[in-house]
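Below, each chain spelled out in residue letters.
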Amino acid sequence: EIPKDPAQRRLRELAALSQQMQRVHPNVLAKILKQRTVYQNEEIVVINKPYGLPVHGGPGIKNCIADVLPILAKMLENMKAEPLHLCHRLDKETTGVMVLARSKEAAENIRLLFKTRQVEKIYWAIVLGDPDPAEGIVDIPILEKEVQSHQSHYKMTLAPNYRMCPEDGKVVRVRKNRNAESAVTRYRRLAGASACSLLELQPITGVKHQIRVHLAYGLGCPILGDHKYSHWSKLAPQKLPELTLRRLKLEQSKARHVPLHLHAHRLCLPLGQPIDLVCKPPLFFQKTLRKLELDIAKD
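A brief report on the enclosed structure follows. (Residues numbered from 1 in each chain as written. Predicted model: local features only at pLDDT ≥ 70, side-chain atom pairs only at ≥ 80, totals over all residues. Heavy atoms only, no water.)

Some points on empty space enclosed by the protein
Inspection of the entire model under this criterion finds two cavities of 30 Å³ or more. Estimated volume of the largest cavity: approximately 160 Å³. Elements supplying a minimum of two residues to the lining of the largest cavity: α1 (6-23) and α7 (283-291). By volume, the second largest cavity amounts to about 30 Å³. As for the second largest cavity, its lining consists of His88, Leu90, Val97, Lys121, Tyr123, Ala264, Arg266 and Leu267. Secondary structure elements with two or more residues in the lining of the second largest cavity: β5 (120-128) and β13 (262-271). (1 Å grid on protein atoms, 1.4 Å probe; cavity = no way out; pocket = protein on both sides within 12 Å on 5 of 7 lines; lining within 4 Å. Points joined across faces, edges and corners; volume = space filled by probe spheres on them. Helix = DSSP H or I, 4+ residues; strand = E, 2+ residues; numbered from the N terminus.)

Have a look at this one:
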């Protein structure tokens, strides 16, 4: 049945769109990416990555960005064009600025810029709650752990260097976990309303799921639609505040359809001349901002 409520209809459409992208012919997918090209020169092609499209293949994935790079190159240049190369990755649910290189050398050069932290990355996220303080740095190492629950699964989590001793309240240094990677994220609140906030984020390091983990477990402000990192021990839909549900015109039982609101908004690439690349958030993100009255101009 088609939901009567427009909000639920849109959520359903997003989920359907993600599945649809798995069913289309690779040529159709390449065409979608061509339409989403925001910048190109002789070295790079920049796309605004759509929601729900994986960058790499894997079990159960038929279509991904990596697979259609040869077709996209030909569509952008000519039939003799070399395939494009990936320079970095975004999660399947993350939207926004994604850089592809026209040659192997350019790709290696850009990967090195990412690795040596010379690329400035700015993300936008709608989160539950209000970070305190409103601006700051989360500097907590991250590691992958198995979660023991009725459905065992793996999650990234925090591996802090210090903890409080319950007996005397003293702060003690923890023995460093060999597998933990150092992770640093700058954040700044741009607007707040409806029990939510719009944050601007700058990941200084590039650990898997870093922003999601730092916001959920470091600041206690999980990203709207992040069902994986809103609970630790279970796989369950995110619990939304009453006010947020009202503004989104949703019932809690339908919250599981809410998409992840994380967008790679801006990227600054120091290639000779610094190239400043900006992508507008997707329509569903903009609509959520309006519904939650998260007005950047006002704040």
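More follows now that the structure is in view.
Digging into helix α5 (residues 210-218)
Burial runs high along α5: seven of the nine residues are buried. Among all positions in α5, only Gln210, Ile211, Arg212, Val213, His214, Leu215 and Ala216 are buried. Gly220 sits one or two positions beyond α5 and adopts a positive phi of about 70°. (Buried < 20%, exposed > 50% of the residue type's maximum accessible area, 1.4 Å probe, protein only.)

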